[in-house]
Amino acid sequence: MKQLIKTVSSTKFSVLLLLLFVIVIAAATVVEELYDTPTAQLLIYNAWWFEMFMLLFGILYLVNVFQNKLFKLQKLPVLIFHISFILLIIGGGITRYKGYEANMHINEAESTNTIYTAEPYFQINFPGDEMAYTSDQPIYFSQVGQNDFHLKFNTPQGTVEITYKRYVFEAYDLFRDKGDAEIVMDYYRRNSRTDSPDALYVELTHNDKQQEVILFYDRTRYIQPFKAYNIGDLTIEMTYGPKPMELPFSLLLKDFVLSKYPGTEIPSAAESRVLLIDERHDHRQEHILAKNKVLDYDGYRFFQTSYDDDEKGTILSLNYDYWGTRITYMGYLLMTIGAILILLSKNSHFSQLSKKIQAVRRQRKSLITVLTLLFTISNFSLAQNNIQKPISNEHAERFGHLLVQTYEGRFTSVYSLASDVAHKLTGKDHFNFEGKGEMDAMHLFLDLHLDPNYWRNQKLFVVKEKSIRNMIGLSGKQASFIDFFDKSFHYKLEQVAQSAFKTDPSEQSTLDREIIKITEKVNIFQMLINGDFLKLFPVEKDVNNKWVHWRDSLALKPLTGKLAILNEDLRLQELNYSNMMRAYFVSTLYARESDDYSVPDQLIGYIKSIQRQLTPHELLPSEKKIAFEVLYNKLRIFDRLKFVYGVLGIILLVLALIDNFRTTPGRANRYLLKVFTALFIAAFAWQTVGMGLRWYLGGHAPWSNGYEVLLLVAWGSIISGLSVIRYSKIVLASTAILASVLLMVAGLSYYDPQLTNLNPVLKSYWLIIHVAIITIGYGFLALGFIIGLINICLYLLRPKGKSELFSLVIKELTLINEKLLTIGMFLTAIGTFIGCVWANESWGNYWSWNAKQSWSLIIVLVYATILHFRYIPALRSRFAFNVATIISFGTVIMTFVGVNYYFTKGLHSYANDDPPIFPVWLWGTLGAMLMLILTAYLKERKNN
């Protein structure tokens, strides 16, 4: 018995259990992809043996705490990190057994305290009887294995028994033939003609009488209708779906507001204004629910999810998991604290690695062979109207200095708005169109207003999804504005866009998200050529200092007072903003042909003067600030620095390796190292200037949003690297590469400017930080993969005469690699769980075992296992560690590429009808790496 306990509590057993768990959850993601989510839940995630896995992990963590005496002060960081996982298991268990999710439907001017569970139950009742009889547990059906169930309800009318017969997924023909006509019509009004509900066959038994009945399950409905069946002289109503529950308080929907794009029926934002009524505490309070605006009360969290077709009712999702969420969040916090303390503690294994690296460096003599190998590996890895002439550069510059009011009410330069629009529509800064020539963002923005017929026919949009291209009749991936409309100028995607927007974000498919994204761009283009973004004109005597565009009804109001004198020069039929802008557009027609921009320049001067006269000066940026803002946009400091940092990082890494691995580095190498270090410091100084300029333009410290936080993190990471510049140039090179990655991630969020209020669920501070941290973690793990590959090559090339020298090199690189993997694992873990916080704050579910979450967890578990190899004698060798760093990187590739592009289910999927083909050369590369590992292993085994 003692031996069994000793074996079970050993590190070896824990590692084997961890690897088995990894295999199980990886298999679950494949099952979900091949079948569906309920099948994966029934077979794996909700199975009793899976719960035993989690319980056993918790016990083993506690055993590990006592066996390794982690209660000692010097081991406190490790204790905190391990305790965090115990809290995560406890929090997850509470969520699983005590928490629940539901939905609430409310009509305007009505109140309700009834919610409907997210899980399906079997229910029966009798006409006129308010009491419903419900199965004790939710019932799901798997596409694999047995789904048998038998229910027995004791009612005043006698015993009613329900016996499972069969379940038909997507029973298209059956639904059309056997379904109620009204229900069938309603279903296909809301869904595609190719979809259909599922069908459940059960046997109904009452007083020895039996009857087979069919119930249809519509997954798109939150409330499933009851269907009546007669058995003998008794009528029984039955349904399969969410069951009703009552809350101790109620919500009254005062108003539901669905914002739409101007001139269309396409939604841009949904908002519910509710009154919370709690008679227990005589409490009444109004709340607004929208995407990322959550109502928290009495342990319940409400989220805006969907709405009725007539826009007279709202559908809210609800989550009740007070203690589970808080314990889990505490686990996330302790994990982050523990990871930071481990990295900083002088007593941790991580800190001891630095001392070991220095000791190894003192032993080695020459690494010229290694340098040669590094260079070898590096080289190996590495119907149209006449086209109008564009506006002149000088005039475009003047127009860009005009002020404009954004949809948020902020005053900025037209140049900044033009940059945002260009990036939103195309993701580019410079363009070259036939008949127009070279253009920057400002030229494009202005020309869109002046020559709209030309731009309606230009291929500005990229349509990735093949199914969308089929919907609009597009042969290639490039589309023009007119491609999205039929001959009657009806938007071809309007119906599917409305359906996509109504869908719960957690349930949106890849197609839904791409339709929403394309629709947003099409509407921005329409609003742009209509002039809706050019809010240049202040409304006279408006208390809110509102500005309007030239097509607004307020722009037709005559200008009076001191402004009336302008018409002595303009000679307009009526002096108003609309006529002024029309006069400007007409004047540019002549100016572009004659190159005389005196009249358009004069009109710009008038507009600028009106802006300053009718708006309090303290609200407007000064001319100097506008000039700096235009300069800031032109310089694109952070966008360019990401490439500069990347190139400098690679060069510095090569030079640093030469400097570290040679006993007598050449004078030229030392000189180049100083030169490129100086260039890196200069680039850092340029970033500092850019952040200072952003501080000046924004009027506040530049870390108020996700983009600015990433800039600050990149800036801070360089400060950290410069602080150890005297000790390690390799760290400095790594810092440059990390700064490059950070700025790339920041660019992804910044260059999707939020010009409209469409679907803000993904516009979350938590999401941006989650992506940044986890992406940096991937960078560390990728560098670990490269070092592991280098070491395997060293094993293979190690000559007998220099075996000791090669061994020292391998040892040093392995120790460095262990540090990299430790940081990478911590960042991936923290990033993953920050993503869970985002999910919970967006729709109330922090962990759902979707493919992305599961594979992110697999990364953490696999690399945690590798870092514990030192406790297992059979895996303690440096060779085993380096092989593991190569193979384990496959989990990162699977998470980053496989789940995103080849898994079609889940929130993170980017898969489409034609996912990227796995290239033949990549198969060859994988085969070559396996052969390399095998050959090195055979040689190492022979030498030993």
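Residues numbered from 1 in each chain as written. Predicted model: local features only at pLDDT ≥ 70, side-chain atom pairs only at ≥ 80, totals over all residues. Heavy atoms only, no water.

Pairing of side chains with opposite charge becomes possible as their charged atoms draw close. Counted under the stated rule, the structure contains 20 salt bridges. Across the salt bridge formed by Arg219 and Asp198, the nearest N and O atoms sit 2.6 Å from each other. Within this pair, whereas Arg219 is found in the loop between strand E7 (209–217) and strand E8 (227–231), its partner Asp198 is found in strand E6 (residues 198–206), the two being separated by 21 residues in sequence. For Asp198, a relative accessible area of 3% puts it in the buried group. Between Glu286 and Lys254 there is a salt bridge; the shortest N-O distance is 2.5 Å. Within this pair, whereas Glu286 is found in strand E11 (residues 283–290), its partner Lys254 is found in strand E9 (residues 234–260), the two being separated by 32 residues in sequence. A relative accessible area of 52% places Glu286 in the exposed class. The class of Lys254 is partly exposed, set by a relative accessible area of 44%. Overlapping salt bridges bring together Lys436, Asp447, Asp451 and Arg592 as one network. (Salt bridge = Lys/Arg side-chain N within 4 Å of Asp/Glu carboxyl O. Helix = DSSP H or I, 4+ residues; strand = E, 2+ residues; numbered from the N terminus. Buried < 20%, exposed > 50% of the residue type's maximum accessible area, 1.4 Å probe, protein only.)

What follows is about the nonpolar core. Ranked by size, the top nonpolar core spans 123 residues in total, and within it Phe21, Ile25, Tyr645, Ile792 and Tyr863 carry the most contacts. Ranked by size, the runner-up nonpolar core spans 79 residues in total, among them Phe445, Leu493, Ile524 and Leu603. (Core = buried A, V, L, I, M, F, W, Y, C linked by side-chain atoms within 4.5 Å.)

A few words on the packing of helix H12 (residues 414–425) against helix H13 (residues 441–450). Two numbers describe how H12 lies on H13: the axes approach to 8 Å, and their chain directions differ by 90°. With respect to each other, H12 and H13 are oriented roughly perpendicular. Contacts from Val414, Tyr415, Leu417, Ala418, Ser419, Val421 and Ala422 of H12 reach H13 at Ala441, Met442, Leu444 and Phe445. A breakdown of the residues in the contact of H12 with H13 according to their chemical character gives 10 nonpolar, 1 polar and no charged. (Axes fitted to C-alpha atoms, helices over the stretch in contact; angles between N-to-C directions. Parallel < 35°, antiparallel > 145°, perpendicular 65-115°, else oblique. Contact = heavy atoms within 4.5 Å. Nonpolar A, V, L, I, M, F, W, Y, C, P; charged D, E, K, R; others polar.)

Attention now moves to the packing of helix H11 (residues 393–400) against helix H20 (residues 598–614). Put simply, H11 and H20 touch, their axes get as near as 10 Å, and they point 10° apart. Of the possible angle classes, the one that applies to H11 and H20 is roughly parallel. Of the residues in H20, those in contact with His395, Arg398 and Phe399 of H11 are Pro600, Asp601 and Ile604.

Turning our eyes to something else, we now look at the packing of aromatic side chains. Each pair of aromatic rings is reported with the distance of its centres and the angle of its planes. The final tally for this structure, using the stated rule, is 61 aromatic pairs. Within the aromatic cluster, the residues linked to one another by ring pairs are Phe21, Tyr45, Trp49, Phe50, Phe53, Phe57, Tyr329, Tyr332, Phe833, Trp847 and Trp849. One residue, Lys436, lies across the ring of Tyr454, its end atom 4.9 Å from the ring centre. Positioned above the aromatic ring of Tyr696 is the side chain of Lys625, whose terminal nitrogen or guanidinium carbon lies 5.0 Å from the ring centre. (Phe/Tyr/Trp six-rings, centres within 6.5 Å; stacked < 30°, edge-to-face > 60°. Lys NZ or Arg CZ within 6 Å of the ring centre and 35° of its normal.)

As a further point, take a nonpolar patch on the surface. Together, Trp48, Trp49, Met52, Leu55 and Ile59 make up a nonpolar patch on the protein surface, roughly 540 Å² of accessible area in all. Considering the arrangement of structural elements, one finds Met52 in helix H4 (residues 48–67). Met52 gets classed as partly exposed once you look at its relative accessible area, which sits at 40%. (Patch = residues over 30% accessible without salt bridge, like charges linked within 9 Å, V, L, I, M, F, W, Y side chains within 5 Å. Areas by Shrake-Rupley, 256 points an atom, 1.4 Å probe, with all protein chains shown as cover.)

This part covers the pairing of E7. Of the strand pairs in this sheet, E6 and E7 are connected by 9 bridges, and their pairing is antiparallel. Considered in E7, the bridge of Glu203 is made with Glu212. The antiparallel pairing of E6 with E7 creates a hairpin that spans 2 residues between the two strands, and Asn207 there sits at a positive phi of about 50°. (Pairing = 2+ DSSP bridges.)

In a beta sheet, neighbouring strands are held together by backbone hydrogen bonds and run either parallel or antiparallel to one another. Pairing within the open sheet is antiparallel, and its 4 strands lie in the order E4-E5-E6-E7. Either end of the sheet is taken by a strand with one partner, and the two such strands are strand E4 (150–155) and E7. Neighbour to neighbour, the strand axes of the sheet diverge by 25° on average, direction disregarded. Sheet topology note: the E4/strand E5 (residues 158–168) ladder contains 6 bridges and is antiparallel. Directly across from Thr155, in E5, lies its bridge partner Gly158.

What follows concerns the confidence of the model for the protein chain. Looking at the protein chain, the pLDDT average stands at 83 and 88% of residues meet or exceed 70. Mean pLDDT across the secondary structure elements of the protein chain bottoms out at helix H10 (residues 368–381), with 37, and peaks at strand E2 (residues 111–125), with 94. Note that residues 365–385 has pLDDT below 50 and, in this model, 35 contacts with residues that lie over four places away or in other chains. Counting contacts from residues 909–917, a segment whose pLDDT is below 50, to residues more than four positions away or on other chains yields 28 contacts. (pLDDT = per-residue confidence, 0-100.)

With that settled, the discussion passes to the side chain of Thr239. Mapped onto the secondary structure, Thr239 falls in strand E9. Overall, Thr239 belongs to the buried group, its relative accessible area being 4%. At 3.1 Å, the side chain of Thr239 and the backbone oxygen of Pro225 are in polar contact. When neighbours within four sequence positions are excluded, Thr239 is seen to be in contact with Tyr121, Phe122, Gln123, Leu215, Gln224, Pro225 and Phe226. (Polar contact = N/O pair within 3.5 Å; in protein donor to acceptor, adjacent residues only side chain to side chain.)

Our focus in this paragraph is the environment of Asn393. For Asn393, the position within the fold is in helix H11. Remark: the alpha-carbon pair of Asn393 and His443, spanning 50 residues in sequence, is separated by 7.8 Å.

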